[in-house]
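Chain by chain, the residues:
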Amino acid sequence: MFAAERRQLILEMVRANGAVSLRELARVVQTSEVTVRRDVRALEAEGLLDRRHGGAVLPGGFTRESGFPQKSHLATAEKTAIADLAANFVEEGEAIVVGAGTTTQELARRLARVPGLTVVTNSLLVAQALAHANRVEVVMTGGTLRGSNYALVGSGAEQSLHGLRVSRAFLSGAGLTAERGLSTSNMLSASVDRALVQAAAEVVVLADHTKLGTDTMFQTVPTDLITRLVTDEPPAHDDRAATELQALADQGVQIAVAGGQGSAGAGAGGPGGDAVPARQQRRDVPVPGPRRQVPGAGGQLRSASASMLGEQGPGAERARVADMRRR
């Protein structure tokens, strides 16, 4: 394929999807990411698209939000790996909140196997993924349906979260930086995400490497309120993603990296030391000091059965072992 043909195809993909990762572009045009990056630079110089961390977006992509059909086809392998790893941080009998997004939808599919779980969500896609899980209770917020991402937003959604206390919030967004934290392109979605954060003792952000270093209009979670980031292994040449990860770790965010074969670090064993499939391998980056909890958030909430037994479940022991390894 000639360079002109390659660049035309890249431009068509970006126009169709709003944002496309370099990895996906390279796969479709059947060339290396180095060549694709060169093409993207050339197209940016012509003002036809904007470069972003590990990908390309339409000009003005800072304010533009892709719809669900476009997002569902972006970084699918990365989202799967992130969801596989994030599910390890959910314990039996917990009460959690799960925000809207394609990555959180992948997480929800894996949570269907966690007994005694209560999931509060404003996402129709998350609720649908858990609809037939007979050991999981799903609680939906009120609000107005936002069709582009199948999420409930507005004052009804926010008011239904008042007084709620859960152990963890799992959220995704459009961008993540050490300076501003998690952000999104839509004001209504950002407002509901902030309400979800206020209900949780810990905040876990799910973001693939293409979102690292990307900043969008509305801040949802400042960096000092993010307990943990679950992400994928950035490409070796992506220095900006690695720098952003280190900056987040320096600010106290615990980093869990899901990678493929050959992923470094403690990933050979899961949180409890058990063997984990290659796609679930993880690397925890050591971070200084304890994390700040969300103001007013209580401790873990558990189902009645777990409370009566007085147990914290096997996941708590796995978390303690992981913390000891990090120390």
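Everything quoted here is computed from the prediction, not taken from an experiment.

K.L.:
I'm lost on the overall build of the chain in this one. Help?
P.N.:
The helix and strand tally for the chain stands at twelve helices and 16 strands. A burial count over the chain gives 53% of its 327 residues as buried. Counted over contacts in the chain with a minimum sequence separation of 6, partners at least 24 positions apart contribute 68%. Working note: accessible area of the chain is about 14,200 Å², and carbon and sulfur atoms make up 52% of it.

K.L.:
Help me understand helix 6 (residues 102–111), please; the structure alone is not making it clear to me.
P.N.:
For the α-helix, the turn length of 3.6 residues means that residues three or four positions removed from each other point alike. Within helix 6, nine of the ten residues are buried, which leaves the element mostly enclosed by the surrounding structure. Along helix 6, the residues that are buried comprise Thr102, Thr103, Thr104, Gln105, Glu106, Leu107, Ala108, Arg110 and Leu111.

K.L.:
Would you mind going over helix 10 (residues 239–250) with me for this structure?
P.N.:
Taking 1.5 Å per residue as the helical rise, helix 10 with its twelve residues ought to reach 16 Å, and the 16 Å between its terminal C-alpha atoms agrees with that figure. Buried within helix 10 are the following residues: Ala241, Glu244, Leu245, Leu248 and Ala249. Along the long axis of helix 10, the arc covered by the buried residues comes to 140°, so they all point the same way. Across from the buried face of helix 10, at angles greater than 90 degrees, the exposed residues are Asp239, Arg240, Thr243 and Asp250.

K.L.:
Looking at this structure, I do not really get the packing of helix 5 (residues 76–86) against helix 6. What am I missing?
P.N.:
Two quantities define a packed helix pair, namely the angle between the helix axes and the distance between the axes. Between helix 5 and helix 6, the least distance of the axes is 8 Å, while the angle of their chain directions is 50°. Relative to helix 6, the element helix 5 lies oblique. The way helix 5 lies across helix 6 gives a crossing that is right-handed. Along its contact with helix 5, which presents Lys79, Thr80, Ile82, Ala83, Asp84 and Ala86, the element helix 6 presents Thr102, Thr103, Glu106, Leu107 and Arg110. Here the contact of helix 5 with helix 6 is built from residues that sort into four nonpolar, three polar and four charged.

K.L.:
How should I be thinking about the pairing of strand 14 (residues 228–232) in this particular structure?
P.N.:
Moving residue by residue along a regular strand, the side chains alternate between the two faces of the sheet. Burial analysis of strand 14 places five of its five residues in the buried class, the great majority of the element. Burial of the side chains of strand 14 extends over both faces: Arg228, Val230 and Asp232 are buried on one face and Leu229 and Thr231 on the other. Across three bridges, strand 12 (residues 200–206) lies against strand 14 in parallel orientation. The partner of Val204 across the bridge, within strand 14, is Arg228. One ladder, built from five bridges, connects strand 14 with strand 15 (residues 254–259); its direction is parallel. Bridge pairing links Arg228 to Gln254 in strand 15. In the classification by handedness, the crossover that spans strand 14, the intervening helix 10 and the parallel strand 15 is right-handed.

K.L.:
Whenever I open this one, the sheet that holds strand 11 (residues 181–184) confuses me. Can you help?
P.N.:
Each strand in a sheet pairs with its neighbour through backbone hydrogen bonds, running either in the same direction (parallel) or in the opposite one (antiparallel). What the three strands build is an open sheet, ordered 10-11-13; its pairing is antiparallel. Among the strands making up the open sheet, the edge pair consists of strand 10 (175–177) and strand 13 (218–221). Sheet twist, expressed as the average angle between the axes of neighbouring strands with direction ignored, equals 35°. The strands that helix 9 (residues 187–198) touches are strand 11 and strand 13; relative to strand 13, the one it contacts most, it runs at about 20°.

K.L.:
Even after reading the chapter, I still don't get the sheet that holds strand 3 (residues 55–57), so can you show me in this structure?
P.N.:
Spatial ordering of the open sheet is given by 1-3-2, a layout of three strands whose pairing is antiparallel. The strands lining the two open edges of the sheet, one partner per strand, are strand 1 (19–21) and strand 2 (50–52). With strand direction ignored, the average angle separating the axes of adjacent strands in the sheet is 25°. The strands touched by helix 2 (residues 22–29) within the sheet are strand 1 and strand 3, with strand 1 carrying the most contacts at an inclination of about 80°.

K.L.:
Please explain the confidence of the model for the chain as it appears in this structure.
P.N.:
Segments scoring low in pLDDT should not have their predicted coordinates read at a detailed level. Looking at the chain, pLDDT values average 77 and 73% of them are 70 or higher. Predicted confidence is poor over residues 67–73, with pLDDT under 50, and the contacts of this stretch with residues over four places away or in other chains come to 14 contacts. In this model residues 316–322 is a low-confidence stretch, pLDDT under 50, and it forms nine contacts with partners more than four residues away in sequence or in other chains.

K.L.:
Help me understand the nonpolar core, please; the structure alone is not making it clear to me.
P.N.:
In summary, soluble globular proteins display a tendency toward joint burial of nonpolar side chains. If you look at the biggest cluster of nonpolar residues, it comprises 32 residues, and the most contacted ones within it are Leu176, Val205, Val221, Leu229, Leu248 and Ile255. Mapped by element, the contributors of at least two residues to this core are strand 4 (95–98), strand 9 (166–171), helix 9, strand 12, helix 10 and strand 15. Listed in part, the 26 residues of the second largest apolar core include Ala86, Leu111, Val114 and Ala256.

Parameters and conventions
Residues numbered from 1 in each chain as written. Predicted model: local features only at pLDDT ≥ 70, side-chain atom pairs only at ≥ 80, totals over all residues. Heavy atoms only, no water. Helix = DSSP H or I, 4+ residues; strand = E, 2+ residues; numbered from the N terminus. Buried < 20%, exposed > 50% of the residue type's maximum accessible area, 1.4 Å probe, protein only. Contact = heavy atoms within 4.5 Å. Areas by Shrake-Rupley, 256 points an atom, 1.4 Å probe, with all protein chains shown as cover. Expected span 1.5 Å × (residues − 1). Arc of directions from axis to C-beta. Axes fitted to C-alpha atoms, helices over the stretch in contact; angles between N-to-C directions. Parallel < 35°, antiparallel > 145°, perpendicular 65-115°, else oblique. Left-handed = near helix turned anticlockwise from the far one by under 90°. Nonpolar A, V, L, I, M, F, W, Y, C, P; charged D, E, K, R; others polar. Pairing = 2+ DSSP bridges. Right-handed = clockwise from strand over helix to strand, strands pointing away. pLDDT = per-residue confidence, 0-100. Core = buried A, V, L, I, M, F, W, Y, C linked by side-chain atoms within 4.5 Å.

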